[in-house]
Structure formats: structure tokens, C-alpha cells
Amino acid sequence: MKIRNPFANIKWKKILGLAVLLVVLGTGSVMYFNYGAVYSDGYRAGTLIKFSRKGFIMKTYEGEINQGGIVNPAPGTAMMNQLWQFSVKDKKVAEQLNRMEGKVVRLHYRQYNKMFPWEGDTNYLVDGVELVEE
């Protein structure tokens, strides 16, 4: 009596190729939506209070602006500031920001879900800067 193999007619190469294709497409989609797709973009304005180049191995440009805040009317109390941190990838924008520390600036940014370590510490990537006339 001969035992028949129930899997003999299955095309294993096609199944393996389809599985590899699905894994590649799935991984590519996740990478795109996490690291490539822009979640939001817009402008933020405030006083540039800090801008520096940070990192031990992968140096990135990081900054912070003070967007203002709420003043308590009681005497002797401090103002509660709203600080916004951002990253810069473009060297030309970084050079402009280096000259504008302490001034009121308007920044154009793009927000991502995640950033690669060599792109910055925050999810906000600034790609344009304007000096606001006071």
C-alpha cells in the first residue's frame, strides 16, 4: 500500500514568494507611515531661547522657542511659559537660527510620527524660518 502525500500538489515556491512579498510590503508600509508620512505641518512663532548642536555620535540641531504664556495677576508671581522644542535637518536653516537667538521668529515645521536618530530628538522638523518684526 502506497501512502499518498497530501501536500504534493502545492506550489511551495509560489507560497514562499507570496509570503516574502507580503512581509516586504507590510514592513515598507509601517516604515513609511512611521518615518516618512507627514502627520501635520504649520507655523509656530515665539522667542528663540535656545539653539544648539547635540549628540555624541550623530550630531543634530535642536532648538526651543518660548511661545508666551499666562500671567498671574497676583504680584510677585512668575509667568507660566509654553516652550516648544524642535529639530532642524537643513544646515542653511540652522545657520539662520544661530543668528536669531533671542529674537521673535516664525518657524515652518512638519510633524512626523517618529524620527530616525540622525534626524533629531523631537518629532517636529523645522524647514523654514522668518524673523518677525517687532
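The structure we're discussing is the one just above.
What you see is a predicted model, and the numbers here were worked out from it, not measured in a lab.

1. Comments concerning the nonpolar core
Core analysis: the largest hydrophobic core is formed by 16 residues, its most contacted members being Phe86, Val88, Leu97, Leu107 and Val126. Secondary structure elements with two or more residues in this core: strand S1 (38–54), strand S2 (60–70), strand S3 (80–88), helix H2 (91–99), strand S4 (104–112) and strand S5 (124–131). Contacts of Leu107, omitting those with residues within four sequence positions, involve Gly42, Tyr43, Arg44, Ile65, Trp84, Phe86, Leu97, Val126, Gly128 and Val129.

2. Regarding the pairing of S4
Relative to S4, S1 runs antiparallel, the two sharing 9 bridges. Residue pairing in the sheet places Ala45 in a bridge with Arg106 of S4. Bridge analysis of S4 against S5 gives 7 bridges, and the strand direction is antiparallel. Looking at S5, one finds that Gln111 is bridged to Tyr124.

3. Observations concerning the side chain of Thr60
Along the chain, Thr60 turns up in strand S2. Polar contacts involving the side chain of Thr60 include one to the side chain of Glu62, which spans 2.7 Å. Apart from the residues lying within four places of it in its own chain, the contact partners of Thr60 are Ser52, Arg53, Lys54, Pro117, Trp118, Glu119, Gly120 and Asp121.

4. Points about a nonpolar patch on the surface
Residues Leu18, Leu21, Leu22 and Leu25 make up a contiguous nonpolar surface patch of roughly 400 Å² in combined accessible area. On the accessibility criterion, Leu21 (46% relative accessible area) is partly exposed.

5. Some words on the packing of aromatic side chains
The tally for this structure, following the rule as stated, stands at 8 aromatic pairs. Where Tyr32 meets Phe33, the ring centres are 5.2 Å apart and the plane angle is 75 degrees; that geometry is what we call edge-to-face. Residue classification places Phe33 among the exposed positions, given a relative accessible area of 51%. Ring plane angle 70 degrees and centroid distance 5.6 Å describe the contact between Tyr109 and Tyr124, whose orientation is recorded as edge-to-face.

Cut-offs used in this document
- Residues numbered from 1 in each chain as written.
- Predicted model: local features only at pLDDT ≥ 70, side-chain atom pairs only at ≥ 80, totals over all residues.
- Heavy atoms only, no water.
- Core = buried A, V, L, I, M, F, W, Y, C linked by side-chain atoms within 4.5 Å.
- Buried < 20%, exposed > 50% of the residue type's maximum accessible area, 1.4 Å probe, protein only.
- Helix = DSSP H or I, 4+ residues; strand = E, 2+ residues; numbered from the N terminus.
- Contact = heavy atoms within 4.5 Å.
- Pairing = 2+ DSSP bridges.
- Polar contact = N/O pair within 3.5 Å; in protein donor to acceptor, adjacent residues only side chain to side chain.
- Patch = residues over 30% accessible without salt bridge, like charges linked within 9 Å, V, L, I, M, F, W, Y side chains within 5 Å.
- Areas by Shrake-Rupley, 256 points an atom, 1.4 Å probe, with all protein chains shown as cover.
- Salt bridge = Lys/Arg side-chain N within 4 Å of Asp/Glu carboxyl O.
- Phe/Tyr/Trp six-rings, centres within 6.5 Å; stacked < 30°, edge-to-face > 60°.

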